[in-house]
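Okay, here's what each chain looks like letter by letter:
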Amino acid sequence: MGRAAIAVAVAGAAVLAGCTVQAPDGAGKGRSPVHIELPGGSPSPDRTGDDGGGPSTAPAPPGDDKPSAAPAPSRVLWSRGDTGRDIRELQARLRQVAWLFDGPTGTYDESTERAVGGFQGKRGLPRTGRTDTVTWQRLLGMTREPGTWDLYLMGGQPADPPDPRCATGRVLCIDKTSRTLRWMIDGRTVSTMAVRFGSKGTPTREGVFSIYWKSRDHVSTLYDSPMPYAMFFSGGQAVHYSPDFAARGYAGASHGCVNVRDEGAIAELYAQVRDGDKVVVSW
């Protein structure tokens, strides 16, 4: 049969089958020049339901009825009993979305487990209380990167190396950078505790001082606020226990005093410090 006869036969078959000639699509991609509509209006197998870009919506071929593989289970990242910086970040982010109100402590405890379970249940995730990859990604998407003092809102931060002026004698070595107080004797650190300082309007003074008065149950005459275990070192500024620091962490500030949040720790410190002991406050 000649070429002309073949062309006529193909054209005739196209008319009888309801063929349409397809122009290139809007993206300039060519399509098959002949698209055959099968009886009943079903598209040909190479046609998809979304402009040809996604997976085919045509029925699966006979015999290919195996169920799709189940998705891999989410990997557990952290669970109760874990500790460390990552747990602090988890807790800080849970605080941002109001699922946790204590800490961060750096320990995945019962309250953290409850908070994670509540967060999961609210979002239709399996309520395990364990932080898996899916839970973590959801939490990341809803929160911001916590800063240093978000991670250590309630203390627990490591102390920086002591100021050289703390190397000898009995010294309250107070570091504004790491927000810590070291009680040191002859260069040896006896104890370390988290502290906070005055605000910009009422800053804690830096320098070398000495304890000149101790007052176990002191109450401020200026602010009418309790200052238990007060150890005065510069005018009205003292190292003392702060119930507000214990409750709010670094969300607050003092009027210039050095606040300690751990009452047990400062009670022991108060019993050891004597009048005349050195105080070094530095950045």
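The numbers attached to residues start from 1 for each chain and follow its sequence in the written order. In keeping with the predicted nature of the model, local features appear solely for residues at pLDDT of at least 70, side-chain atom pairs appear and are counted solely at 80 or more, and the whole-chain, interface and lining totals rest on all residues. Side-chain numbers come from the whole structure's heavy atoms, not from hydrogens or water.

Participant: Can you explain the pattern of salt bridges? Please cite residues and give values.
Facilitator: For this document, the term salt bridge refers to a Lys or Arg side-chain nitrogen within 4 Å of an Asp or Glu carboxyl oxygen. The tally for this structure, following the rule as stated, stands at 13 salt bridges. E110 is the partner of R114 in a salt bridge, and the nearest nitrogen-oxygen pair spans 3.2 Å. With a gap of four residues between them, R114 and E110 both fall in helix α3 (residues 110–122), about one helical turn apart. Taking the shortest distance from any N to any O, the salt bridge between D277 and R170 comes out at 3.1 Å. Here R170 lies in strand β5 (residues 170–175) and D277 lies in the loop between α7 (263–272) and β13 (278–282), a separation of 107 residues in the sequence. A simple rule labels every residue: compare its accessible area, found with a 1.4 Å probe on the protein chains alone, to the largest value its type can have, and call it buried under 20%, exposed over 50%, or partly exposed in between. Among the residues examined, D277 registers a relative accessible area of 6% and is labelled buried. Residue classification places R170 among the partly exposed positions, given a relative accessible area of 21%. One network of salt bridges, in which partners are shared, links R80, E110, E113 and R114. The way it works is that DSSP assigns letters per residue, a run of H or I at least four long becomes a helix, a run of E at least two long becomes a strand, and they are numbered from the N terminus.

Participant: Give me the lowdown on unusual backbone geometry, citing residues and values where you can.
Facilitator: Of the consecutive residues G103 and P104, the connecting peptide bond is found in the cis state with omega at 5 degrees. The residue P104 is located in the loop between α2 (85–96) and α3 in this model.

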